[in-house]
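# Structural overview for review
If you want the building blocks of each chain, they are given just below.
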Amino acid sequence: MSLAHGRPYLAIPGPSVIPDRVQRAMHRGSPNIYEGPLVEMVAGLWPDLRRLAGTAHRVACYIGNGHAAWEAANANLFSRGERALVLASGAFGHSWASHARQMGIEVEFLDFGRAAPADPGRVEAALRADRAGRIKAVLVTQVDTASSVKSDIPALRRAIDAAGHSALLAVDCIASMGCDEYRMDDWGVDVTVSASQKGLMTPPGLAFVWFSQKAQARCGQGDLASPYWRWGPRAQAEEFWQLWGGTAPTVHLFGLREALDMIAEEGLPAIWHRHRALAAAVWAAFEAWGAGNPAIALNVPHPDWRAHAVTAARFGAPDATRLRHWCETRAGVTLGIGLGAATPEDPGADGALRVAHMGHVNAHMTLGALAVIEAGLTALGLPHGPGAVEAAARVVAGAAGG
Ligand SMILES: *Cc1c(COP(=O)(O)O)cnc(C)c1O
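### Remarks on the environment of proline 383
With respect to the helices, strands and loops of the structure, proline 383 is situated in the loop between α13 (363-379) and α14 (388-400). Taking the C-alpha atoms as reference points, proline 383 and alanine 69, 314 residues apart in sequence, are found 42 Å from one another. Leave out the neighbours within four places in its chain, and proline 383 touches Gly292, Asn293 and Ile296.

As structure tokens, this is what we get:
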């Protein structure tokens, strides 16, 4: 008999859990878009969005999802026929590259597989080989949500500088913003893209592009910067509608305001610490389960390469799918599907799943999800090592303090 009735927990890597406070802030009729509370509130969003990304520079907002943020970056960074160096450590680099190709941008592609971050040495070599300076920007995903690999952004900046190349650095922080540490200006990033529905705890529908002065000077002049996507007029709008290229995303903005307040109240260092601790708890549990069954393993072997927002793991096909189904229907926890996880040894995505720990998630939610997985492994008779929940609890005890 199912024990799922109660508050469900969507532990998939986006959309993430929406806090009650954000839901309440969005529960309102259409506000006036010409004057009054909405217009007054919006002025305060920009400093908070800059602080979130760690930049003193500009930010443009679009009504759209992460794919819209990619398109906004591509449209402003390149003209047709110009070249991008795209780095992939999972699925999302492939998708960003595909978007770019379809827009007429030439793509040079470096694939680092599904379990390792972008290698700065290979990036430096690729840039050194580009003697004609055809590469206009390096595109990289900080956290690949499919593989849960995290790339070292400062190391990639150093690689570009070491090559003496003028390419701009553009980073996809859609999964990692408000979860993993990120410092746009300190790390020398030119363009950052993100979206509302992951660490920002707001429904899908808002896309963000932050861009440095260097990016602003060099970009938006090309033949891909069509009126809707051009970021300059949004970031320097003289009239309210220009911020959105039309009607404002009214209630989303009230939700975002509340989410940014919650982020400010907790503070980014505390938020990064919470995500790191919850991630480490998940890793500890998987390591314990895997000790009793070699089919159970974290996707990313090296802890420094693992995201703090999401964890991808293998269970052997079809056990991951059976387990996900059990967790959802019997215990009310929805885990993420394996995304792009099929390999010749492990056909189909039925051998992979993902546990999200991004955004509005605390210790009891993560420990609860892990205990539910433990129950599912037991109920389905899947072999696993002992002590996983205890190991996770020890991590939480250590990180939360006495
Ligand atoms: C979710 C995600 C995307 C795509 O975002 P959509 O809102 O689904 O378009 C792109 N990149 C990363 C790293 C993501 O996590």
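### A short note on the pairing of strand β13 (residues 333-337)
The buried fraction of β13 is high, at four of five residues. In terms of strand pairing, β13 meets strand β14 (residues 352-356) through two bridges, oriented antiparallel. Bridge pairing in β14 links isoleucine 337 to leucine 353.

### Points about the pairing of strand β10 (residues 205-211)
Burial analysis of β10 places seven of its seven residues in the buried class, which makes it a mostly covered element. Strand direction decides the pairing type here: strand β2 (residues 58-64) and β10, joined by seven bridges, are antiparallel. Bridge pairing links valine 59 to tryptophan 210 in β10.

### A closer look at helix α12 (residues 319-331)
Between its first and last C-alpha, α12 extends 17 Å over 13 residues, near the 18 Å set by a 1.5 Å rise per residue. Inspection of α12 places Asp319, Ala320, Leu323, Arg324, Trp326 and Cys327 among the buried residues, and these make up the whole buried set. Each buried residue of α12 lies within a common arc of 160° when the element is viewed along its axis, so the set occupies one face. Turning to α12, the residues buried within the fold contact β13, β14 and α13.

### Let's talk about the state of the cysteines
The final tally for this structure, using the stated rule, is zero disulfides. As a non-bridged cysteine, cysteine 61 has cysteine 173 as the owner of its nearest cysteine sulfur, 16 Å distant.

The rules behind the values
- Residue positions are given per chain, counting from 1 as you read along its sequence in written order.
- Residue-level local features of this predicted model are given only where pLDDT is at least 70; pairs of side-chain atoms are given and counted only at 80 or more, and the full residue set underlies all totals for whole chains, interfaces and linings.
- The side-chain numbers reported here are obtained from all heavy atoms of the structure, hydrogens and water having been left aside.
- By definition, any uninterrupted DSSP run of H or I lasting at least four residues is a helix, any uninterrupted run of E lasting at least two residues is a strand, and each is numbered from the N terminus.
- Only heavy atoms enter the contact rule, under which two residues are in contact if any of them lie within 4.5 Å.
- The buried label goes to any residue with under 20% of its type's maximum accessible area, the exposed label to any with over 50%, and the partly exposed label to all in between, with areas taken from a 1.4 Å probe on protein chains only.
- Two strands pair if DSSP finds at least two bridges between them.
- Any helix carries an expected span of 1.5 Å times its number of residues minus one.
- To obtain the arc, one takes the directions from the helix axis to the C-beta atoms.
- By definition, disulfides here are pairs of cysteine sulfur atoms that lie within 2.5 Å.

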